[in-house]
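# Summary of structural features
Here are the chains, one letter per residue:
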Amino acid sequence: MALVNLSSPHHHNLSKTSRLMMWVLLATLPGLAAQSYFYGYGTLINLIWASGLALGFEALVLRLRNRPIAPYLTDGSALVTAFLLALALPPFSPWWLTLVAVLFSIVFAKHLYGGLGNNPFNPAMVGYALCLIAFPVSMTQWAGTEATLTFGQQLHWFWLESVTGGIDAWTRATPLDLMRHPKGLTLNELASSNPQLGLGLTASMWVNLAYLLGGLALLAKRVFTWHAPVAMLASLGFFAGLFHMGEPDLYPSASQHLLTGATMLAAFFIVTDPVTSATSRKGKLVFGAGVGLLVFIIRSFGNYPDAFAFAILLMNLSAPLIDTYTQPKAYGHRPKRSDSQGDKR
Amino acid sequence: MHKIWSFHGGVHPNENKSQSNQLPIVVMPTPKQLVLPLSQHIGKAAKAVVEPGDYVLKGQLIASAQGFVSANIHAPSSGYVSALAERTLPHQSALSGPCIIIDTDGKDQWVELNPTTNPESLSKSELLNLIHAAGITGMGGASFPSAVKLQLKSDIHTLIINAAECEPYITADDRLMREYADQIIVGIQLLQQLLGQPRCLIGIEDNKPEAITALNLALSHNIGQQTAQHTNIEVCVIPTKYPSGGEKQLVEILTGHQVPHGGIPANIGIVCQNVGTAKAIFDAIIKGQPLIKRITTVTGKAAANAGNYQVLIGTQVEDLLAFAKVDLTRTSRLVMGGPMMGFTIQDTQTPLVKGSNCILAAADLELASVADHHACIRCGQCEVACPADLLPQQLFWFAKAEEFEKAQDHNLSDCIECGACAWVCPSQIPLVQYYRYAKGRVKSINSEAHLAELARMRFETREQRLADEKSAKEEKRKIRAVAAAAVQAAKRAANPTAEDPIAAALARVSKQKQEQQTAAAPKSSEEVYKELKTAAAITRTKLKKTSTALANAKAKDHEQEASLQQTVDQLTVKAEAAQAELKAYEAKLGLDPEKEKILLVAVAKTNAAIRKLEKTLATAEDSQALGEDITEAKAAHQIATQALADHQAKPAPAQES
């Protein structure tokens, strides 16, 4: 048999990118389940629709770019984008809203920048932010928790945007929205006057805990390191706690911040996107902390229902800068460690 | 127990050591032919000291070390040197290089050996000389000449014996330690003696319990014989993690210190030696045997008799493979060294050298196949795995984009090419290949820059030298002028009544001329004209020279300035006079040099016109018209010639009149 000439190493742990992506997809399932339990079938319908669209667009663009379709399609990256979008979009998203978001994510944010690995911005967040700016009304129709649509009703809304009793009967402001516009009340007065808030916070908490569970599983599988998510949660918690201590009537507590909105989804599934975040461990700490701070600022003083899309896109912008200043000290570049062991004689 | 530190990163590939570490070392019989590359160590190639046809004994020096970093090579068995020829070298490049080829005679007859009976009495330099003479190089794979590594100026507080053997599949050191632990300990003691009795830490991975037991047993034997103080040796069991056997990593594991960037362990008082090197030192000093054999692992699924073999240096791979019953039809990949850092060979006649610790004959699918790699998603697993604490993902992007400066900023040179990053890469990118490429390019760019710098320096030096020569000349000339002036001044001072010598000389010359003129009369007007011209030219030249001298004198602020000024004035007058005389004579002769020039040109021009016309006539059809033109031109030429002749003839009648 002819002997081959290959460069070392001749060994590999046989891991694959597609397997990493699969783990990410699997880890979203608890969150998906919780979201569906509290807000109905909307998210599930969205997810299926977005996945189909993402694969379709991905294949189309790969064909246009003269790239082999099968290996790229099976790497799972398009599906991850679709999942994240579907989970982040409101359960009452009509079909076209998801389509616009997916189209923009896959075609513009990902492939026009060179495809997997080359995109400077998180594709899902670009699609989400575009819709947030272009269709603010549709993007704020979050489902209520007390009664959910049947699957048929939900599908009907999805295609035709009509639903028995009108959409207003089924949608509610999110807890974050309620807390930002307290109409002159303190947060405690708001909670006692509006039972929606308490219900919303409870549902939101369970959804976030479900995402936390999925995230911890990924951490255990070493799909990513702890640095970015922990830094983000710590920074968000720190600033929320600080302001809450100063003005408890105006600012929600740290735990409310950590367990509402898309906090955990973002912390474990979006901030950890390796392509668009900072690359070194130290860099990831800075990146995560930056996202946490921006989320707090935009949630507390901005005009949008949630803050993740903008916070993450802004930090995506700064990732190359962070990389430049957070290079780890390579072996032999560290100043000599002090000799505590009396090694020298 | 000695405290153990850790190093950043590292990976845990399947060890695959049990295939080859179960059976004792088998001594491979002497092969028919041995191929000994002159360059099988880091540094300069050795120089052959035998000729084809020579008979050599086992252990006889056949190539001697050249320069500081080099190593001797000895005949591994007795026989005839059949050739000095180019053979494929054991290297990734598969280039060939000069080798000594020995046809063994099977007698295996030793040269006379000089074993040492009381090594304690040997001085440091004697030990060093023995190690150098035995041609010992690092047995772990890098093959750096040991004598050079041990020849240290700085104080050494720790000797580290590398027994980690962290590469998967390789078990040569493992078996060596199990079977030769006593000799290894003695070798270590010799090293300690050479280095000024530093403490010794033996770093060994915990996946070799039998070897650890054997070493500890050997140590306890030793303590029985000697004082405890004398055996300051400790076996340090370290966790199995690739690449803990990397020199820098092992230093950090055992001492908590890092070898500074660009430095060697000796910079922080540490020397590292492989456990196989300690055994080779024992052989060299206690037995007097030079380095002519080693233990090599043969393993992989294609090897029926996987195990460890004691082979002679220079054994060709195919001989060993045949002895170990390797089915070459079952393998498409022969790796020399381990699967993480080894290189593939295609030529099975490649020889085993001092650093060849393993031959891995992998069956198909036993090792990772070359899959198409995917895009880098910066997942950072490589960064987690990197034992040098680099950012492999960034280095990959820089290498791919040929941004070598950035790659260097990210410490490309600190990459030890261990392969941990590529091993974990989920996109299966051959990262190490990218780094090797980038390193090669950086090296060539640097050497080009170095050459350009040298050229620039050469050019500048030359310019400087030319300028220096010029100014030195100028300086000399000035000194000469001053000296001459001084002599003149001295002369004048000695004889104040004498008139100015230049003026006197000039007067003499003019007097002579006048005499000549009057004596040689009657001269033709032409002669007179010529003389006048010469006289005018001479006076002009003299004037010029004196003016320069004056200028110099002025520059030097010399006392002779006044007299020179006088001379210049005189000469100016004279020159003017000569010129006037010349002009007057010309007028008298009716000569007009300007007019003569014009006429000469006219003659030449008409002549050329005729030639041209005649040439055209030879080829042209309208010969008549041309003929007329020629006649016309000839007439013009005639007129011009006549005018010139008239002009030149004029002086003659003038003189006659």
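Criteria and cut-off values
- Residues numbered from 1 in each chain as written.
- Chains lettered and ligands numbered in written order.
- Predicted model: local features only at pLDDT ≥ 70, side-chain atom pairs only at ≥ 80, totals over all residues.
- Helix = DSSP H or I, 4+ residues; strand = E, 2+ residues; numbered from the N terminus.
- Rg over C-alpha atoms; globule rule 2.2 N^0.38 Å.
- Buried ≥ 20, exposed ≤ 12 C-beta atoms within 10 Å, placed from the backbone.
- Expected span 1.5 Å × (residues − 1).
- Contact = placed C-beta atoms within 7 Å.
- Pairing = 2+ DSSP bridges.
- Axes fitted to C-alpha atoms, helices over the stretch in contact; angles between N-to-C directions.
- Arc of directions from axis to C-beta.
- Left-handed = near helix turned anticlockwise from the far one by under 90°.
- pLDDT = per-residue confidence, 0-100.
- Domains from an automatic or database assignment.
- Nonpolar A, V, L, I, M, F, W, Y, C, P; charged D, E, K, R; others polar.

## Observations concerning the overall build of chain A
Helices and strands together make up the secondary structure of chain A, namely 17 helices and two strands. A globule of 345 residues ought to have a C-alpha radius of gyration of about 20 Å, and chain A, at 22 Å, matches this closely. Expressed as lengths along the three principal axes of its C-alpha atoms, the size of chain A is roughly 75 × 55 × 30 Å. Burial status across chain A gives 50% buried among its 345 residues.

## Here's the deal with the environment of Asp-75 of chain A
All names here are of chain A. Mapped onto the fold, Asp-75 is located in the loop between α4 (69-73) and α5 (77-88). The class of Asp-75 is buried, set by 24 C-beta atoms lying within 10 Å. Distance in space between the C-alpha atoms of Asp-75 and Thr-272 is 17 Å, their sequence separation being 197 residues.

## A closer look at helix α12 (residues 431-494) of chain B
Residues and elements named next belong to chain B. Over its 64 residues, α12 runs 93 Å from end to end, which matches the ideal 94 Å to within 8%, given 1.5 Å per residue. Among the 64 residues that make up α12, five are buried, leaving the element largely open to the surroundings. Within the sequence span of α12, burial applies to Leu-431, Val-432, Tyr-434, Tyr-435 and Ala-438. Considering only its buried residues, α12 is in contact with α8 (381-385), α9 (392-400), α10 (404-409) and α11 (420-424).

## A word on the sheet that holds strand β3 (residues 47-48) of chain B
Residues and elements named next belong to chain B. Spatial ordering of the open sheet is given by β3-β5-β6, a layout of three strands whose pairing is antiparallel. The outermost strands of the open sheet, each flanked by one partner alone, are β3 and β6 (73-74). Relative to strand β5 (residues 61-64), β3 is paired through two bridges, and the arrangement is antiparallel. Pairing of Ala-48 across the sheet is with Ala-63, part of β5.

## Comments concerning the pairing of strand β8 (residues 96-104) of chain B
Residues and elements named next belong to chain B. Pairing between strand β2 (residues 33-37) and β8: five bridges, direction antiparallel. Paired with Pro-37 across the two strands is Cys-99, which belongs to β8. With nine bridges connecting them, strand β7 (residues 79-88) and β8 associate as antiparallel partners. Across the sheet, the residue bridging to Tyr-80 is Asp-103, located in β8.

## Structural notes on the sheet that holds strand β9 (residues 158-162) of chain B
Residue and element names in this part refer to chain B. The strand order across the open sheet formed by four strands is β11-β10-β9-β12, and the pairing between neighbours is parallel. Only two strands of the sheet have a single neighbouring strand rather than two, namely β11 (233-238) and β12 (270-274). Each strand axis lies, on average, 25 degrees off the axis of its neighbour in the sheet, ignoring direction. With five bridges connecting them, β9 and β12 associate as parallel partners. Across the sheet, Thr-158 pairs through a bridge with Ile-270, a residue of β12. Those strands touched by helix α3 (residues 172-195) are β9, β10 (199-205), β11 and β12, and its axis lies near 150 degrees from that of β9. Those strands touched by helix α6 (residues 275-287) are β9 and β12, and its axis lies near 80 degrees from that of β12.

## Comments concerning helix α2 (residues 29-39) of chain A
Residue and element names in this part refer to chain A. Residues of α2 that are buried: Gly-31, Leu-32, Ala-34, Gln-35, Phe-38 and Tyr-39. Along α2, the residues classed as buried sweep out an arc of 165 degrees about the axis, all on the same side. Among the structural elements, α3 (42-64), α5, β1 (142-143), α12 (195-220) and α15 (263-270) are those in contact with the buried residues of α2. Just downstream of α2, Gly-40 is the residue with a positive phi angle, here 90 degrees.

## Quick word on the packing of helix α13 (residues 227-246) of chain A against helix α16 (residues 281-301) of chain A
Two elements in contact, α13 of chain A and α16 of chain A, have axes separated by 7 Å at closest approach and are oriented at 35 degrees. Relative to α16 of chain A, α13 of chain A is oriented so that their crossing is right-handed.

## Some remarks on the confidence of the model for chain A
On average, residues of chain A score 87 in pLDDT, and 94% of them reach the 70 mark or higher. Predicted confidence for residues 338-345 of chain A stays below pLDDT 50, and this span has seven contacts to residues more than four positions away or in other chains.

## Examining the domain arrangement of chain B
We note that the domain assignment places domain 1 (123-363), domain 2 (370-467), domain 3 (499-589) and domain 4 (593-656) within chain B. Relative to domain 3 of chain B, the C-alpha centre of domain 2 of chain B lies at a distance of 79 Å.

## What about the domain arrangement of chain A?
Residue and element names in this part refer to chain A. Here chain A is partitioned into domain 1 (16-172) and domain 2 (180-323). For domain 1 versus domain 2, the distance between C-alpha centres works out to 21 Å. Listed by contribution, the elements that provide at least two residues to the side of domain 1 that touches domain 2 are α1 (17-27), α2, α5 and α7 (123-134). The leading source of residues in the side of domain 1 that touches domain 2 is α2, at seven residues. Each residue belonging to the side of domain 1 that touches domain 2 can be placed in one class, and the counts come to 20 nonpolar, eight polar and two charged.

## A closer look at the confidence of the model for chain B
Residue and element names in this part refer to chain B. Overall, the prediction assigns chain B a mean pLDDT of 87, with 93% of residues at 70 or greater. Here residues 652-657 scores under 50 on pLDDT; set against residues more than four positions off or in separate chains, the count is five contacts. Reported confidences for the modelled complex are a pTM of 0.75 and an ipTM of 0.85.

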